[in-house]
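# Notes for the structure review
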Amino acid sequence: MKTKKAANTTPSEDTNVTIAKILFVLYLLTGLMPLLGAMDYDAPEWLYVSVLNLISLGFIYKNRDEFEVFSFPKHVQRYFLLFIGFFAIGCLSMLTAINVSESLVHLARLIAILVALYCLYVFVKQNPRSFFEFTCRIATLLVIYFSWRSVRYFLGNASSPRINDFINDFQHHFSSVNIYTAFLIVQLPFVLYAFLYFKKVWKYIASVAIFMTMLALFFSGSRTAVLSLVIVMTLLVGFIIYGIVRHKIALRKEAVVLFLMPIVAIILVLNVNRVDKMSMNSLTTLFQPKLIDFYEGDIAVKRNIDNVKELLPNTGTITVDKSSVSGRSSLWNLAFIKFQENPILGVGYGNYKAVGKKEHYINLTTDKGNFKNPRRAHNDFLEKLAETGVIGFLLYVSLFLFPLWLFFKLIRNEKDFGKQLLYFTIFLSALAYTFDALLNFPLERAPIQLYFLLAVIFILTFTQKEGETIISKRSVILFGIIFFVSFASVASNYLVLKSYRLQRAMRQDLSGKTLFTDEKLNNSYQSIKKQWSNYPELSYVGTVNNVYLANYAIKAKKYEEALEILNKSQDYNKDAFLVKAFKAEIFYNVYDNMDSAAYYSEAIFDGYPAFKTNYRLLKGIYNKQKDTANLSRIMNRYTKLNWVDVNEWKVKANTMYNRTKNSELMLKVLDTGLVYNTNSNTLLKAKKEVLNKLKFKSYLSSAEVKQKHQVAFNFFSQQKYEEARKIFQEILKTNPKDYLSVQNIGIIDLVKKNYEKAIKNLSVVIDAGAFSDGKAEYSRGYCYEQLGQMEKAKADYILSRAKNYPQAMSLPESKYK
C-alpha cells in the first residue's frame with residue numbers, strides 16, 4: 001500500500017487527493033440523482049455512474065504514475081479476477097438468453113460496477129483511513145437528509161391512519177421503499193462509527209442521524225431493513241460490550257444510548273398514524289399494513305358496532321384453502337426451477353425479467369388486479385444461479401466470501417480494539433448489504449451497490465501490506481480496454497434512459513384513455529414511430545416494449561398493423577401476457593371475433609388468473625355468448641385464487657343471486673369471502689344489507705304502500721308522530737323512492753321542530769320534482785324561516801305560490817317579497 005507523509009507531500013499531490021475525494025463524494029451522491037422523466041430511478045443512476053467512471057478514468061490516467069494505477073497486491077488481483085470471471089460467464093450466458101437485449105442492458109451495468117470498483121480502489125488506496133473517516137461523515141449527512149423525508153411525511157401526517165394507501169403515498173426518492181431503507185441501512189454502520197469515535201460536533205450530528213435513521217426505518221415498515229437494523233445493532237452493542245470487558249474501553253455511555261435509541265424510536269412510531277384512535281398500533285400494523293377496508297371492519301368487530309359480530313361466518317362449516325405462495329418464496333422457487341432447466345449457463349444474464357412465470361402467477365393475489373411482472377427474484381444469489389448457472393453462481397458467491405475471509409484475517413491479527421471496531425464497521429455495512437441481497441435485489445441499485453463496493457475496497461486496502469504489489473507494464477493497453485467498455489456502458493445506459501423516458505411519456509399519454517374510441521392522445525402513432533427504439537426490447541417492468549407502440553397503432557385504427565407488431569413481439573419474453581391481452585382486445589372490440597378473443601384471453605387466465613383487466617374481458621365474452629357455465633367457472637377460479645379482491649366477492653354474490661334468486665347461496669358466497677378476508681368491512685356491510693332485505697318483502701305493491709300510508713296517517717292524526725315515522729321508514733326500506741314517505745318524515749321533523757333534519761328530507765323531495773302541489777316548498781320555507789334564513793325562506797315561498805299551494809297563497813307580502 002502506498003503511504004505518504006505530510007512533510008513529503010507536494011502541492012500537486014494534495015490537489016490530486018482533493019480531486020479524488022471530490023470524485024469519491026460524487027459516487028456517494030448517486031442516490032440524489034433525479035428521475036429525469038424516466039420510468040425508474042435505476043436508468044438515470046446507472047448512466048450517472050457510467051459517466052462518472054469515464055471522468056474518473058481520465059483523471060486517473062492523467063495521474064497514473066502518482067496513483068500507481070496498476071499496482072495491485074495479489075489478493076486484490078484475485079478479487080478483480082473473480083469479478084472479471086463472473087462478467088465473462090455473464091457474457092457467455094447470452095448463448096442461452098431468452099432476450100439478448102436484456103442481457104446487454106444488465107451487462108453494461110455490471111461493467112459500470114466493475115469500473116467503479118477499480119476507480120474507487122485507486123482513490124481509497126492512497127489513504128484508506130482518511131477515506132474511511134470521510135465516508136463516515138458523508139454517510140452521516142446523507143442519512144439525515146434521506147431520513148428526514150420519512151420523519152417529515154409520517155409525523156407531518158400523524159393523524160392519518162397507517163393503511164396501505166398512506167404508506168404507498170410516501171415519496172422517498174427511490175423506486176420502492178425497500179430500496180430506500182436498504183440505502184439507509186448500508187450507511188448506518190459508518191454513522192455508528194462516527195458516533196462512537198468522532199469528537200464534539202460530529203459526534204452529536206451522528207447521534208441525531210442514528211435516531212432519525214431508526215425512525216425512518218420503523219416508519220417505512222420495511223421488514224428486511226428493520227431485521228438488518230436488529231442484527232447490526234445487536235452485533236455492534238455486543239462487540240462494544242466485549243471491548244468494555246476485555247479491553248476496558250470507555251464506551252459505556254455510548255453503549256447505553258445505542259441500546260435505548262431503538263426502544264424510544266419504536267414506541268414513538270407505534271403511537272403515530274394510529275389506525276385505531278383509541279389504542280396504539282401493533283407491530284403487525286407497522287410491518288404489514290393493510291387496506292382501510294380491513295381496519296374499519298376489524299374495529300367494528302372488536303367493539304361489536306351495530307352487532308357486527310353476528311355477521312361473522314361460522315368458519316367450521318366452510319372449507320377454504322387460504323394458502324398462497326405469491327411472495328418472495330414463490331420467486332425463489334421460480335428461480336430454482338429456471339436454474340434446473342439450464343444448470344450450466346442459466347437463462348441468460350439479466351433475463352429473470354423474461355422467463356415464464358406461470359408457477360408464480362398462478363398463486364398471485366392482488367386487491368386491485370393490476371398487472372404485475374416481478375423483475376427480480378428478490379434474492380440476488382438465486383437470481384444469478386438462474387441466470388448464469390452453477391459456475392456463475394459460485395463466482396458471484398466468491399465475491400462475498402473472499403472479502404469475508406480477509407476480514408476474519410484482519411480482525412484476528414489486529415490487537416488494537418479501535419482498529420478492530422473500524423474493521424467491524426466495514427463488516428456490518430457489507431453484512432447489511434448481503435442480508436438485503438438475500439431478500440431483495442441491491443445488485444441492480446447503484447446507490448446501494450456502491451456501498452458494498454466501498455466495504456470490499458476498505459477490506460482490500462486495509463489488508464494490503466508493503467512490498468506486495470505487482471506493477472503492470474501494459475497500463476496503456478489495459479486503460480484502452482477499460483475506456484472502451486466504459487464507453488459501451490455509457491451508450492447502453494443512455495439508450496435505456498431514453499427508452500424509459502419515452503415509456504413514461506407514452507404511459508402518461510395512454511393513462512385513463514379508452515383504446516377503442518376516438519378519444520385523442522397527445523402523441524400520434526407516426527410521431528411515436530419516429531422516436532421508437534427497440535433497445536431494450538422489454539419495458540422497465542419486463543413486459544414487451546412494443547405493446548406501447550401497438551397501443552398507438554390501435555388508437556390510429558391501424559388494427560392490422562397493431563396485430564403485426566404484437567405478432568412480431570410474441571417471443572420477446574416467455575409469457576407475453578400483455579401481447580396476448582391486446583390481441584384479445586382487438587378481436588373482441590374490432591372484429592367481434594369472440595372465439596379468437598376467448599382463445600387469447602383464456603391463455604392469459606390459465607397462467608395469470610389475478611390479472612383483472614383480462615378477467616373482465618373474459619367475463620364480457622361469456623356474457624355476450626350467454627355461456628353461463630364458463631362464466632361460473634372463471635368466477636369460481638378467480639375468487640379462489642385471487643381471494644383478496646373483496647369487490648369481486650360482492651360481484652360474484654350478486655351474479656349468483658340474479659341467476660338463481662337464491663338468497664342463501666348469495667350469503668354463502670359472502671361468507672366464503674369473509675373467511676378469506678377476515679373482517680372485511682366491504683363484505684360485512686354487503687352481508688348486513690342482504691340480511692336486512694331478507695327481513696322484508698323485496699318490494700311492496702302499490703296497494704300495500706297505500707295501506708301502510710293510511711296506518712301512518714292515522715298515527716299522525718292522533719299526534720303519535722314517532723309511530724307514524726316508523727311506518728314511513730318501513731316503507732322506505734323496501735321502496736326507497738316513495739317520496740310521499742320522505743316528505744311526511746320531513747313534516748314530522750317540522751312538527752317536532754327538528755328543522756334542519758326536516759330541510760334535508762324535504763330537499764330530497766323537491767330535488768326529485770316528486771310533487772306539483774307546492775307543499776314541500778312551503779314546508780321547507782317555513783323551516784328556513786324558523787332558522788332565521790329569510791332569503792332561502794322567501795325563495796321557497798315564491799316556488800310554493802307558483803304552484804298555488806293554499807297556505808303559501810295566504811302569506812303576507814313581507815314573507816315573499
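What this report covers is the structure whose coordinates are included nearby. (Residues numbered from 1 in each chain as written. Predicted model: local features only at pLDDT ≥ 70, side-chain atom pairs only at ≥ 80, totals over all residues. Heavy atoms only, no water.)

### Details of the overall build of the chain
To keep things clear, this is the line we draw: Counting from the N terminus, the helices are the DSSP runs of H or I reaching at least four residues and the strands are the DSSP runs of E reaching at least two. When accessible area is computed with a 1.4 Å probe and restricted to protein chains, residues below 20% of their type maximum are described as buried, those above 50% as exposed, and intermediate ones as partly exposed. In what follows, a contact means two residues having at least one pair of non-hydrogen atoms within 4.5 Å. Note on areas: Shrake-Rupley, 1.4 Å probe, and residue coverage restricted to the protein chains presented here.
Counting secondary structure elements, the chain contains 36 helices and two strands. The C-alpha extent of the chain, read off along each of the three principal axes, is 110 × 65 × 60 Å. When the 817 residues of the chain are sorted by exposure, 55% land in the buried category. Sequence-distant contacts, at least 24 apart, represent 72% of the contacts inside the chain between residues at least 6 apart. With an accessible surface of roughly 36700 Å², the chain has 58% of that area assigned to carbon and sulfur atoms.

### Notes on the nonpolar core
Test applied: Working definition of a nonpolar core: buried Ala, Val, Leu, Ile, Met, Phe, Trp, Tyr and Cys residues. They are joined through side-chain atoms within 4.5 Å.
Within the largest apolar cluster, 147 residues are counted, with the highest numbers of intra-cluster contacts made by Tyr-118 and Leu-258. A total of 16 residues in this core trace back to one element, the largest contributor, which is helix 5 (residues 100-124). If sequence neighbours within four positions are ignored, Leu-258 has contacts with Leu-192, Phe-195, Leu-196, Ile-210, Met-233, Leu-236, Val-237 and Ile-240. Judged by nonpolar contacts, the second largest core, of 53 residues, contains Tyr-525, Ile-554, Ala-576 and Phe-611.

### Considerations on the side chain of Asn-642
Among the structural elements, Asn-642 can be located in the loop between helix 26 (628-641) and helix 27 (646-660). Judged by its relative accessible area of 2%, Asn-642 is buried. Setting aside its immediate chain neighbours within four residues, Asn-642 contacts Leu-364, Thr-365, Thr-366 and Ala-610.

### Describing the packing of helix 24 (residues 594-607) against helix 26
Convention followed: Axes, fitted as lines to C-alpha atoms, cover a helix only where it is in contact. Angles between the N-to-C directions of the axes lie from 0 to 180 degrees. An angle counts as roughly parallel when it lies under 35 degrees, as roughly antiparallel when it exceeds 145, as roughly perpendicular when it falls between 65 and 115, and as oblique in every other case. By the definition used in this description, the sense in which the near helix is turned from the far one sets the handedness, with an anticlockwise turn below a right angle giving left-handed and a clockwise turn giving right-handed. Here the nonpolar group is Ala, Val, Leu, Ile, Met, Phe, Trp, Tyr, Cys and Pro; Asp, Glu, Lys and Arg are the charged ones; every other residue, Gly included, is treated as polar.
It is the contact of helix 24 with helix 26, at a shortest axis distance of 11 Å, that shows an interaxial angle of 30°. For the element pair helix 24 / helix 26, the angle class is roughly parallel. Both helix 24 and helix 26 take part in a crossing whose hand is left-handed. From helix 24, Glu-602, Phe-605 and Asp-606 reach across to helix 26, where they touch Arg-633, Ile-634, Arg-637 and Tyr-638. Its residues assigned to classes, the contact of helix 24 with helix 26 comprises three nonpolar, no polar and four charged.

### As for the pattern of salt bridges
Formally: Just to be clear on terms, a salt bridge is a Lys or Arg side-chain nitrogen sitting within 4 Å of an Asp or Glu carboxyl oxygen.
Taken as a whole, this structure holds 29 salt bridges when the rule is applied. For the salt bridge of Asp-276 with Lys-302, the shortest nitrogen-to-oxygen distance reads 3.6 Å. On the criterion of sequence distance, the pair formed by Asp-276 in the loop between helix 11 (252-270) and helix 12 (283-287) and Lys-302 in helix 13 (residues 292-303) is long-range, its members being 26 residues apart. Accessibility expressed as a relative area gives 51% for Lys-302, which makes it exposed. In this structure, Lys-529 and Glu-561 form a salt bridge, with 3.3 Å as the shortest nitrogen-oxygen distance. In this pair, Lys-529 sits in helix 20 (residues 525-531) while Glu-561 sits in helix 22 (residues 559-568), placing the two residues 32 residues apart along the sequence. Relative accessible area serves as the criterion here: at 26%, Glu-561 is assigned to the partly exposed category. When salt bridges with common partners are traced through the structure, they connect Arg-376, Glu-383, Lys-384 and Glu-387 into a single cluster.

### Things to note about empty space enclosed by the protein
Quick note on the threshold: Buried and open spaces are told apart on a 1 Å grid over the protein atoms alone, a cavity being a set of points where a 1.4 Å probe fits but cannot get out and a pocket being an open set with protein on both sides within 12 Å along at least five of seven lines. Residues with an atom within 4 Å of a point are the lining residues. Grid points are joined across faces, edges and corners, and a volume is the space filled by probe spheres set on the points.
Following the criterion strictly, the structure yields three cavities of 30 Å³ or more and no others. The space that makes up the largest cavity amounts to roughly 90 Å³. Lining the largest cavity are 17 residues, with Phe-371, Asn-573, Asp-575, Ala-576 and Phe-577 sitting closest to its centre. Per-element tally for the lining of the largest cavity: the top contributor is helix 23 (residues 577-589), with three residues. For the lining of the largest cavity, the per-class residue count stands at ten nonpolar, three polar and four charged. Size it by volume and the second largest cavity reaches roughly 60 Å³. Taken together, Tyr-79, Phe-83, Phe-86, Tyr-396, Leu-399, Phe-400, Leu-443, Gln-449 and Phe-452 form the lining of the second largest cavity. Looking at the lining of the second largest cavity, the elements with two or more residues in it are helix 4 (74-92), helix 16 (380-413) and helix 18 (446-463). Split into classes, the residues belonging to the lining of the second largest cavity amount to eight nonpolar, one polar and no charged.

### Observations concerning unusual backbone geometry
Here the bond from Tyr-535 into Pro-536 is cis, since omega is -5°, no more than 30 degrees from zero. Examined against the element boundaries, Pro-536 turns out to sit in the loop between helix 20 and helix 21 (546-555). A positive phi angle, near 60°, is found at Lys-248, a position not held by glycine. By the element assignment, Lys-248 lies in the loop between helix 10 (223-247) and helix 11. On the basis of relative accessibility, which here comes to 65%, the residue Lys-248 falls in the exposed class.

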